[in-house]
Amino acid sequence: MSPRIATVFMATGVQGSSAIRALLKDGTFTLRAVTRNANSEAARALGCEVVEATFGDKDAIKKAVTGAECVFLVTMPFAELSEVNQGKNVIDACKEAGVKFVAFSTLPSVNDISGGKYTHAIHFDEKAKVQKYLEASGIACASICPGSFLENIHRGMLGCPFTKTDTGYELTTRERPGSSSIKTWTGHDMGPAVAALFTQYATRSAEIDKKTFVLGSQKATTEETAAELAKGLGAPVTVKHLGAMGVFPVDDMYDFSAEFEWFPGVEVPDKRLEALGVKVGSIEEFARTELKKHIGA
Ligand SMILES: NC(=O)c1ccc[n+]([C@@H]2O[C@H](COP(=O)([O-])OP(=O)(O)OC[C@H]3O[C@@H](n4cnc5c(N)ncnc54)[C@H](OP(=O)(O)O)[C@@H]3O)[C@@H](O)[C@H]2O)c1
C-alpha cells in the first residue's frame, strides 16, 4: 500500500514544526516539510523529508503537494508576495494535485468585524480572505485560529521583553489595559490540532469540513496571564503596559482586540477541538515547562 503523505508549509516555524512533531508521533502520515532552505539547521532537525519552495514558485509548490492527501498551510504576512497570493498559489496547486484535505492557520477579518473601523491589520484580513478562497475551492478543509502565541513572551515579540526583576519577573505587553485575548501555546497545541483534523477529516466530516476552530489555552487579560505565569515560575510576575507601537497593523490589531470579540460565543479552550481529542496545555504548564528553560530560571 502506498504511504499516506501530508505536506506542511512553513515547516520550520512555530506552527509548522509543531505539526511535524505531532504528525510524526501519530504515525499515520509520511511527512513532507516545506522550507526555503533544506540545509538550514532547523530544516535538518525536522526528522522527515524536506522540500524547498517559496510561495511565489508555483512549480515547486505543485511538486510539494503532489501525492499528498493532506496539507497544512501557514502563510507569512508582510512578505514580498501578499498572503492572499501565497494562499491562492498553494490552494490552486492542491486542487490541481487532488489533495483531499487542507488545514489552514487563519485569523479573523479585523476590517469586517469592526465594520471598516480598523483597516490596517492586513495580517488578519488577508488570512480571512485565504480562508474564504479555500472554503470555495471544493477541497475539504478546516481553519484553525490561534490567539496570541505564548511563545511571543520568550521571543520578545514587538519589543516586549520578559525580564528579571529584584522580586520576580516583568511581563511587557502592548495589549491594551483590561483587554482580554486568546492565549495560545502554539508549539504545544497546534500540532495535535492539525493531527486530529488530518486523521479524522473523512470520518467526522460534519464536525470538521469548513469549520473554524479556535486554538487557545485561555482567554485572559495580561494581568490574568501574568498570574498564571507566576504559578508556573514560582515567582511573582508584574505587568508593564507599553501602549501603542506606532506601527499601524500592530496598533489596529490591539485596538481592535480591546473593542471586539474575535469569536463571540466560542469558549476557549474550544469544546469542538476537545471533542476531536485535542487537549490543550495551560498557561501555568507553559511557564513551568517551557518559559522557565528559556529564561534559565
Ligand atoms: N505571533 C503570534 O502571536 C501570532 C498569532 C496568530 C497568528 N500568527 C501568524 O503566524 C504566522 C507565523 O507563523 P509561525 O510563528 O509559525 O512562524 P515563525 O515561527 O515566525 O517561522 C516562520 C518560518 O517561515 C519561514 N519564512 C520566513 N519568512 C518567510 C517568507 N517570506 N516566505 C516563506 N517562508 C518564510 C521560515 O522558514 P524557512 O527559513 O525554513 O523557510 C520560518 O522558519 C504569521 O502568519 C502570523 O501572522 C502569529
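Our structure is the block above this text.
Bear in mind that the values here come from a model prediction, so they are computed numbers and not experimental data.

**Q** Whenever I open this one, the packing of helix 1 (residues 14-26) against helix 8 (residues 186-200) confuses me. Can you help?
**A** The relative placement of two packed helices comes down to the angle between their axes together with the axis-to-axis distance. Running from N to C, helix 1 and helix 8 cross one another at 55°; their axes reach a closest spacing of 7 Å. As judged from the angle between their axes, helix 1 and helix 8 are oblique. Considering only the axes of helix 1 and helix 8, their crossing is right-handed. Listed contacts from helix 8 to Val-14, Gln-15, Ser-18, Ala-19, Arg-21, Ala-22, Leu-23 and Asp-26 of helix 1 are Thr-186, Gly-187, His-188, Asp-189, Met-190, Gly-191, Pro-192, Val-194, Ala-195, Phe-198 and Thr-199. Considering only residue class, the contact of helix 1 with helix 8 consists of nine nonpolar, seven polar and three charged.

**Q** I tried to follow the pairing of strand 1 (residues 5-8) on my own but got confused; where do I start?
**A** If a strand is regular, its side chains alternate between the two faces of the sheet. Burial along strand 1 is two-sided: the residues Ile-5 and Thr-7 and Ala-6 and Val-8 are all buried. Relative to strand 2 (residues 30-35), strand 1 runs parallel, the two sharing four bridges. Within the sheet, the bridge partner assigned to Ile-5 lies in strand 2 and is Thr-30.

**Q** Looking at this model, I keep getting lost on unusual backbone geometry. Mind explaining?
**A** As a rule of thumb, non-glycine residues mostly have phi less than zero, and peptide bonds are mostly trans rather than cis. Omega for the bond connecting Val-268 with Pro-269 falls within 30 degrees of zero, at 0°, which places this linkage in the cis form. Topologically, Pro-269 is positioned in the loop between helix 11 (248-259) and helix 12 (271-275). Despite not being glycine, Leu-158 shows a phi value in the positive range, around 55°. For Leu-158, the position within the fold is in the loop between helix 7 (152-155) and strand 8 (162-164). Overall, Leu-158 belongs to the partly exposed group, its relative accessible area being 27%.

**Q** What should I look at first to understand the layout of surface pockets in this one?
**A** As a volume, the largest pocket reaches approximately 820 Å³. A total of five residues in the lining of the largest pocket trace back to one element, the largest contributor, which is helix 11. When grouped by side-chain class, the residues that make up the lining of the largest pocket number 18 nonpolar, 13 polar and four charged. As for the second largest pocket, its lining consists of 19 residues, and the residues nearest its centre are Met-10, Arg-36, Thr-54, Phe-55 and Met-76.

**Q** So what exactly am I meant to see when it comes to the packing of helix 10 (residues 222-233) against helix 13 (residues 283-295) here?
**A** Where helix 10 meets helix 13, the axes come as close as 7 Å, and the angle between the chain directions of the two elements is 65°. In terms of their interaxial angle, helix 10 and helix 13 are classed as roughly perpendicular. Seen from above, helix 10 lies across helix 13 with right-handed handedness. Facing Thr-225, Glu-228, Leu-229, Lys-231, Gly-232 and Leu-233 of helix 10, the residues of helix 13 in contact are Ile-283, Glu-284, Phe-286, Ala-287, Arg-288, Leu-291, Lys-292 and Ile-295. Residues that form the contact of helix 10 with helix 13 fall into these classes: seven nonpolar, two polar and five charged.

**Q** Teacher, can you tell me more about the sheet that holds strand 8 here?
**A** Two modes of strand pairing occur in sheets, parallel and antiparallel, and in both the strands are linked by backbone hydrogen bonds. Here three strands make up an open sheet; going across it, the order is 8-9-13 and the pairing mixed. Two strands lie at the open edges of the sheet, namely strand 8 and strand 13 (237-241), each paired on one side alone. Sheet twist, expressed as the average angle between the axes of neighbouring strands with direction ignored, equals 25°. Along the sheet, helix 10 makes contact with strand 8, strand 9 (169-173) and strand 13, crossing strand 13 at roughly 150°.

Procedures and definitions
Residues numbered from 1 in each chain as written. Predicted model: local features only at pLDDT ≥ 70, side-chain atom pairs only at ≥ 80, totals over all residues. Heavy atoms only, no water. Axes fitted to C-alpha atoms, helices over the stretch in contact; angles between N-to-C directions. Helix = DSSP H or I, 4+ residues; strand = E, 2+ residues; numbered from the N terminus. Parallel < 35°, antiparallel > 145°, perpendicular 65-115°, else oblique. Left-handed = near helix turned anticlockwise from the far one by under 90°. Contact = heavy atoms within 4.5 Å. Nonpolar A, V, L, I, M, F, W, Y, C, P; charged D, E, K, R; others polar. Buried < 20%, exposed > 50% of the residue type's maximum accessible area, 1.4 Å probe, protein only. Pairing = 2+ DSSP bridges. 1 Å grid on protein atoms, 1.4 Å probe; cavity = no way out; pocket = protein on both sides within 12 Å on 5 of 7 lines; lining within 4 Å. Points joined across faces, edges and corners; volume = space filled by probe spheres on them.

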